[in-house]
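Chains, contacts and geometry: an overview
Here are the chains, one letter per residue:
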Amino acid sequence: MKKTADMELCDGCGQSALLTEKNGNEFCPDCYKVAEVLSSKPDLVKKLGKLTGREFKQGEKGEHNPRELPDVLDAVRYRTRDREQNTWYVSVSEMEGDPVEIFASTAFDRDQHLQSRISNLTTITRLISLILRHVFLGEVLTLDKTLKQLRRSSRQKNDLPDMLSTVLSNYRSNEMYNDG
Ligand SMILES: [Zn+2]
């Protein structure tokens, strides 16, 4: 569990708030408390549901049990080159032998010509990481999470990830999410 410094949208209610991470999701304080209770005290949740007449049915089987991403992970770093001979470092974080996150960086981070390429590569690695956490950790995927990763990949206004997230934002249907 760690706090992210910036105010962003909660994966639960969609409100802008100071977020705390849990199972790869980022929650506002209210949603975090609810999620905490749901995962740590399932019996209490059942009982409270009965008491308040708001019992919700859980699936018969195949209960969703995501693996928690620990604060410290082993990573393997690969040095590689693209077709223009720029050197890149690709790190793969592993959990019990499974790849759960991938990052790429370059020594030429300030090179203006590489800015758009860096943001595109960041987009790719952020989205792959989202998929890897889904595949290997059981993290639930949502459109909002996809948009969040696109926005975080953007380095300049109207670069490719910014452009894509703007277009896809039109499909955020729930009206409480309509904050531009
Ligand atoms: Zn929330």
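Look up a bit, the structure's there.
Residues numbered from 1 in each chain as written. Predicted model: local features only at pLDDT ≥ 70, side-chain atom pairs only at ≥ 80, totals over all residues. Heavy atoms only, no water.

1. Observations regarding the coordination of the zinc ion
Protein-derived coordination of the zinc ion comes from Cys 10 (SG), Cys 13 (SG), Cys 28 (SG) and Cys 31 (SG), at a distance range of 2.3 Å. Metal-centred angles of 105 to 114° between the 4 donor atoms at the zinc ion mark the site as tetrahedral. Positions of the donor residues of the zinc ion, expressed as sequence spacing, correspond to C-x2-C-x14-C-x2-C. Separated by 21 residues along the polypeptide, Cys 10 in the loop between β1 (3–9) and β2 (16–22) and Cys 31 in helix α1 (residues 29–40) bring together distant segments of the chain. Relative accessible area serves as the criterion here: at 3%, Cys 10 is assigned to the buried category. (Donors = N, O, S within 2.8 Å, 3.2 Å for Na, K, Ca; no water. Tetrahedral: all angles 85-135°; square planar, octahedral: opposite > 155°, others 65-115°. Helix = DSSP H or I, 4+ residues; strand = E, 2+ residues; numbered from the N terminus. Buried < 20%, exposed > 50% of the residue type's maximum accessible area, 1.4 Å probe, protein only.)

2. Notes on unusual backbone geometry
With phi around 70°, Gln 85 is a residue other than glycine that occupies positive phi space. Take Gln 85: it is sitting in the loop between β4 (74–81) and β5 (87–95). Positive phi, close to 65°, is recorded for Asn 158, a residue that is not glycine. Relative to the elements of secondary structure, Asn 158 occurs in the loop between α4 (143–153) and α5 (160–169).

3. Re the sheet that holds strand β6 (residues 98–106)
Strand order in the open sheet formed by 3 strands is β4-β5-β6, with antiparallel pairing between adjacent strands. What marks the edges here is a single partner per strand, and that holds for β4 and β6. Here the average twist between neighbouring strands, direction ignored, is 20°. Bridge count for β4 against β5 is 8 bridges, and the pairing is antiparallel. Its bridge partner lying in β5, Ala 75 is registered against Ser 93. Seen against the sheet, helix α3 (residues 115–137) touches β5 and β6 and runs at an angle of roughly 170° to β6. (Pairing = 2+ DSSP bridges. Axes fitted to C-alpha atoms, helices over the stretch in contact; angles between N-to-C directions. Contact = heavy atoms within 4.5 Å.)

4. Some words on the packing of α3 against α4
At their nearest, the axes of α3 and α4 sit 8 Å apart, and the two run at 150° to each other. By the angle between their axes, α3 is roughly antiparallel relative to α4. As for how α3 packs across α4, the hand of that crossing is right-handed. Facing α3, whose interface residues are Ser 119, Thr 122, Thr 123, Arg 126, Leu 127, Leu 130 and Arg 133, α4 presents Lys 145, Thr 146, Gln 149, Leu 150, Arg 152 and Ser 153. Across the contact of α3 with α4, the residue classes tally to 3 nonpolar, 6 polar and 4 charged. (Parallel < 35°, antiparallel > 145°, perpendicular 65-115°, else oblique. Left-handed = near helix turned anticlockwise from the far one by under 90°. Nonpolar A, V, L, I, M, F, W, Y, C, P; charged D, E, K, R; others polar.)

5. Regarding the pattern of salt bridges
All chains considered together, the criterion is met by 12 salt bridges. With a closest N to O distance of 3.2 Å, Lys 145 and Glu 139 form a salt bridge. This pair shows no difference in class: Lys 145 is buried, exactly as Glu 139 is. Where salt bridges share partners, they join Glu 8, Asp 11, Glu 26, Lys 148 and Arg 152 into one cluster. (Salt bridge = Lys/Arg side-chain N within 4 Å of Asp/Glu carboxyl O.)

6. What about the pairing of β6?
Where β5 lies against β6, 8 bridges are found, and the strand directions are antiparallel. Bridging from a neighbouring strand, Ser 93 pairs with Glu 101 of β6. Where β5 hands over to β6, the hairpin turn is made up of 2 residues, of which Glu 96 adopts a positive phi near 50°.

7. Points about the packing of α4 against α5
Helix-helix packing: each pair is described by the crossing angle between the helix axes and the interaxial distance. Packing of α4 against α5 brings their axes to within 8 Å, and their N-to-C directions diverge by 155°. By the angle between their axes, α4 is roughly antiparallel relative to α5. At the point where α4 passes α5, the crossing takes the left-handed sense. Two secondary-structure elements touch here, α4 through Leu 143, Leu 147, Leu 150, Arg 151 and Ser 153 and α5 through Pro 161, Leu 164, Ser 165, Leu 168 and Ser 169. Tallied by class, residues from the contact of α4 with α5 come to 6 nonpolar, 3 polar and 1 charged.

Any functional reading would require information that these geometric values do not contain.
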